[in-house]
Protein chains: 2
Amino acid sequence: MFAARLDRLTRYMEEKEFSAVAVNAGPTLTYLTGLHFHLMERPVAIVFTPGDDPIIILPELEQAKLARLPYGAKVYAYKESPAEWSGVFRAALAKLDLAGRKIGVEPGQLRLLEYEYLRSAIGDAFFTDGSAVFAALRAIKDTEEIANMRKAVKIAEAALEATLPMIKIGVAEKEIAGELFMQLIRQGSDTSLPFAPIVSGGPNGANPHAQPSLRQLAAGDLLVIDWGASCDGYMSDLTRTFAVGEIDAEERTIHAIVQQANAAGRAAGKPGGSCAAVDNATRRVIEEAGYGQYFTHRTGHGIGMECHEEPYMRGDNEQLLEMGMTYTVEPGIYLAGRNGVRIEDDVLVTADGAESLSTMTREIRIVG
Amino acid sequence: MFAARLDRLTRYMEEKEFSAVAVNAGPTLTYLTGLHFHLMERPVAIVFTPGDDPIIILPELEQAKLARLPYGAKVYAYKESPAEWSGVFRAALAKLDLAGRKIGVEPGQLRLLEYEYLRSAIGDAFFTDGSAVFAALRAIKDTEEIANMRKAVKIAEAALEATLPMIKIGVAEKEIAGELFMQLIRQGSDTSLPFAPIVSGGPNGANPHAQPSLRQLAAGDLLVIDWGASCDGYMSDLTRTFAVGEIDAEERTIHAIVQQANAAGRAAGKPGGSCAAVDNATRRVIEEAGYGQYFTHRTGHGIGMECHEEPYMRGDNEQLLEMGMTYTVEPGIYLAGRNGVRIEDDVLVTADGAESLSTMTREIRIVG
């Protein structure tokens with residue numbers, strides 16, 4: 001599996017004429033090595049060059065992790081004192097002769113910390129945005145990755161089902177979020193969740209990024225729950241909207257519109273279709289129903305080792321979908337000061353269409 | 001509180017001759033604004049200049065958060081399409097006339113993503129390492145910060161006490177870690193823990209950064225538990241080592257040595273004392289007992305909004321301690337293939353010494 005990933009990396013590097021790529025601690029490093037490092041005050045970097053073992057620079061304290069590396073590498077470990085780190089980076093990278101060459105890096109992940117160590121060790125190299133390479137590598141999920149994502153979805157669905165019985169009028173958003181969090185762990189999520197659950201009732205639901213508050217659920221609220229689990233480093237990210245007791249006619253209407261938009265978005269994905277087409281599909285339903293101005297965000301985002309990654313489902317993104325890509329479809333309607341609805345699924349592009357990994361009912365359910 | 005923080009920032013900027021400082025999403029931004037942003041694909045940046053309102057560049061979607069900003073700011077919000085983001089950064093920063101000036105940034109936090117937007121918007125500015133300024137600001141904790149850290153310690157201690165009854169011979173490290181995790185949340189930790197608990201028994205305890213495994217506790221194990229909680233964004237980070245049933249004489253000995261080293265380290269902190277002195281105090285005890293080569297890491301790290309932050313307790317760090325600083329004291333002995341001991345407390349520098357925020361007994365306790 002890792003051999004295949006490195007082969008694809010090498011191919012992309014040749015296409016882009018990168019003499020090397022340099023990656024710091026984060027999901028791409030984990031994708032390429034199977035190893036986990038935290039972003040800490042001590043820099044960790046790995047440099048891949050075509051046809052040679054990669055070079056790894058890391059703290060001595062973390063060296064034991066390399067026993068699990070699935071291929072050979074040249075290892076340069078440094079001790080506790082930062083004064084020595086520059087020298088170790090130089091010793092590691094001097095022989096590569098990369099001065100004046102193109103080196104792909106990941107601007108959304110690489111910190112100035114690692115960048116400056118790399119730059120001062122390599123000399124006058126041309127560090128360039130390699131995001132497209134890493135995104136292309138990671139966007140197409142392999143069998144094991146898809147299996148983990150399916151599990152992450154199942155865990156999330158089971159956790160929400162286990163939480164529903166305690167959702168009642170008078171219970172605070174924060175209490176529900178806490179219980180859901182514990183249920184996620186109990187159902188088998190990794191302890192590093194993709195994000196803390198969003199539980200927002202009534203007017204709080206009109207803010208797509210609301211944090212759970214002490215507000216207690218009231219009869220007639222719409223209740224937005226946006227939550228996810230993580231399984232062996234792969235994420236799920238779902239949203240369902242509930243009715244707290246009896247809701248009014250407009251609330252029923254906007255829920256039905258979003259449900260239809262979600263279905264249209266899920267149906268719009270296929271190999272060779274575009275990200276824009278997915279966005280257009282959900283947006284058209286909401287616009288035609290007269291609520292276009294209240295759908296204030298893109299339709300979705302890629303999902304995998306990161307909860308938000310490429311490809312992004314935006315109307316201006318003509319990128320084409322390929323089999324094995326995974327992304328969210330999450331249209332919403334937000335009526336400021338009143339309420340909000342969002343329905344979100346995680347979708348996998350198949351040979352001839354798209355499959356939702358999440359199957360929990362999207363019909364409105366009454367809680368409380 | 002925020003006014004005082006901004007005043008101190010301005011003073012440090014003048015000292016260092018920074019015309020501005022630029023901060024992206026992360027703890028320093030939260031420290032200076034009270035706002036939380038996640039590091040995502042959408043850049044968030046705030047630029048402070050002495051004597052003027054700061055400039056904030058962020059996604060429209062996040063703009064609602066600014067209602068809580070405790071002072072005025074010039075806000076530049078961008079829409080979903082990345083094609084427009086450069087223009088928004090330029091519009092935000094053009095008038096500052098920072099070309100050729102010194103701008104402090106945070107290399108351990110700032111990504112190339114934000115850096116490139118800032119650089120292309122500002123032109124030929126001299127971006128320079130401002131870590132020392134941010135570290136100095138954040139190292140001295142104010143009353144509210146210390147109160148949060150005390151709570152984070154209490155939550156962690158209560159969670160471990162609640163977990164102890166299930167620790168028995170035959171239970172796997174992972175089960176204990178899962179239970180401890182849930183107890184941390186139940187006792188009131190923020191859901192974003194400082195780190196996933198380390199639970200390592202027998203030979204696994206010899207790896208200071210071990211991940212909980214499926215290994216089951218056996219009679220005679222030393223059991224290292226390294227865990228922490230988070231309270232309103234402030235961290236605790238503690239370690240205790242337990243005996244699983246009867247342990248042998250050497251295990252008793254190394255536990256006693258580490259306990260003594262921990263006490264010496266806690267006693268060594270005071271205003272005007274150095275970080276090196278704290279490290280020397282623990283290390284001397286372990287060296288004099290003949291185990292110096294098995295204490296393979298520094299004595300501790302600053303702790304606050306980040307689990308690892310300045311100041312670092314290393315033998316080569318002559319930085320002086322000041323009242324209000326908080327850091328860990330965590331000596332250990334690691335006997336590869338056999339066992340490990342670590343005892344860690346969180347310490348606050350007071351007017352005339354240092355106080356341990358953690359008070360849970362450091363005597364060896366028998367579990368199982």
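Residues numbered from 1 in each chain as written. Chains lettered and ligands numbered in written order. Predicted model: local features only at pLDDT ≥ 70, side-chain atom pairs only at ≥ 80, totals over all residues. Heavy atoms only, no water.

1. Notes on the interface of chain A and chain B
Each side of the interface is counted separately: chain A has 34 residues, and chain B has 34 residues. Taken together, the links from chain A to chain B amount to two salt bridges. A salt bridge links A:Glu41 to B:Arg298; the shortest N-O distance between them is 2.7 Å. Connecting chain A to chain B are 16 residue pairs in polar contact (both at pLDDT 80 or more). Elements supplying a minimum of two residues to the side of chain A that touches chain B: α4 (112-122) and α7 (173-186) of chain A. (Contact = heavy atoms within 4.5 Å. Salt bridge = Lys/Arg side-chain N within 4 Å of Asp/Glu carboxyl O. Polar contact = N/O pair within 3.5 Å; in protein donor to acceptor, adjacent residues only side chain to side chain. Helix = DSSP H or I, 4+ residues; strand = E, 2+ residues; numbered from the N terminus.)

2. Regarding the packing of aromatic side chains
In the structure shown here, the tally under the stated rule is 11 aromatic pairs over all chains. On the numbers, 6.0 Å between centres and 55° between planes, the contact of A:Tyr291 with A:Tyr294 is tilted. Since its relative accessible area comes to 28%, A:Tyr294 is described here as partly exposed. Taken together, a centroid distance of 5.2 Å and an interplanar angle of 75° make the contact between B:Tyr115 and B:Phe127 edge-to-face. Of the two residues, B:Tyr115 is situated in helix α4 (residues 112-122) and B:Phe127 in strand β6 (residues 126-129); the sequence distance between them amounts to 12 residues. Both residues of the pair, B:Tyr115 and B:Phe127, count as buried. Through pairs of rings, three or more aromatic residues link up here, namely A:Tyr78, A:Trp85, A:Phe89 and A:Tyr117. Note that A:Arg5 overlies the ring of A:Phe2, its terminal NZ or CZ placed 5.2 Å from the centroid. (Phe/Tyr/Trp six-rings, centres within 6.5 Å; stacked < 30°, edge-to-face > 60°. Buried < 20%, exposed > 50% of the residue type's maximum accessible area, 1.4 Å probe, protein only. Lys NZ or Arg CZ within 6 Å of the ring centre and 35° of its normal.)

3. Digging into the pattern of salt bridges
Opposite charge on two side chains permits them to pair, given that their charged atoms come into close proximity. All names here are of chain A. Tallying each qualifying case throughout the model produces 52 salt bridges over all chains. The shortest N-O distance in the salt bridge between Lys141 and Glu309 comes to 2.6 Å. Linking Lys141 in the loop between α5 (131-139) and α6 (143-163) with Glu309 in strand β13 (residues 309-313), this pair joins segments that are 168 residues apart in sequence. Here the two residues Lys141 and Glu309 agree in accessibility, since each one is buried.

4. A look at the sheet that holds strand β1 (residues 20-24) of chain B
Residues and elements named next belong to chain B. Within the open sheet, the six strands sit side by side as β4-β3-β2-β1-β5-β6. Their pairing is mixed. Taken across any chain shown, the strands that pair with only one partner, and hence form the sheet edges, are β4 (74-78) and β6. Each neighbouring strand pair of the sheet contributes to a mean axis angle of 20°, computed without reference to strand direction. Note that strand β2 (residues 45-48) and strand β3 (residues 55-59) share three bridges and pair antiparallel. When the sheet's bridge partners are listed, Val47 is paired in β3 with Ile55. (Pairing = 2+ DSSP bridges. Axes fitted to C-alpha atoms, helices over the stretch in contact; angles between N-to-C directions.)

5. Considering the state of the cysteines
Residue and element names in this part refer to chain A. Per the stated rule, a full pass over the model turns up zero disulfides over all chains. Among the cysteines around Cys275, which has no disulfide bond, Cys307 carries the closest sulfur, lying 16 Å off. Cys275 gets classed as buried once you look at its relative accessible area, which sits at 0%. Note on Cys307: no disulfide assigned, nearest cysteine sulfur contributed by Cys231 at a separation of 15 Å. Its relative accessible area of 12% is what places Cys307 among the buried residues. (Disulfide = S-S within 2.5 Å.)

6. Considering helix α9 (residues 275-288) of chain B
Residue and element names in this part refer to chain B. For α9, spanning 14 residues, the distance from its first C-alpha to its last is 20 Å, which sits close to the expected 20 Å at 1.5 Å a residue. Burial in α9 covers these residues: Cys275, Ala276, Val278, Asp279, Ala281, Thr282, Arg283, Val285 and Ile286. Where α9 is buried, its residues meet α8 (249-268), β13 (309-313), β14 (326-329) and β15 (332-335). By the N-cap criterion, in which a side-chain oxygen at the helix start approaches the backbone nitrogen of a residue two or three places on, α9 is capped by Ser274, the distance to Ala276 being 3.4 Å. Positioned one or two residues after α9, Gly290 has a phi angle of 90°, which is positive. (Expected span 1.5 Å × (residues − 1).)

7. Focus on the relation of the copies chain A and chain B
Taken as rigid bodies, chain A and chain B are interconverted by a rotation of 180° and an axial shift of 0.0 Å, the fit giving an RMSD of 0.0 Å. The relationship between the two copies is best expressed as a two-fold rotation axis. Minimal C-alpha separation from the rotation axis in chain A is found for A:Arg111, amounting to 2.1 Å. Here 100% of the interface residues in chain A have copies in chain B that are interface residues too; the copies meet face to matching face. (Least-squares fit on C-alpha atoms with pLDDT ≥ 70 in both.)

8. As for helix α1 (residues 2-16) of chain A
Residue and element names in this part refer to chain A. The first and last C-alpha atoms of α1 sit 21 Å apart over 15 residues, in line with the 21 Å expected at 1.5 Å per residue. For α1, every residue scored as buried is listed here: Phe2, Arg5, Leu6, Arg8, Leu9 and Met13. Viewed end-on, α1 has its buried residues packed into an arc of 160°, placing them on one side of the element. Turned more than 90 degrees from where α1 packs its buried face, Ala3, Glu14 and Glu15 sit exposed. Structurally, α1 contributes buried residues whose contacts are with β1 (20-24), α2 (27-33), β2 (45-48), α5, α6 and β10 (234-235). (Arc of directions from axis to C-beta.)

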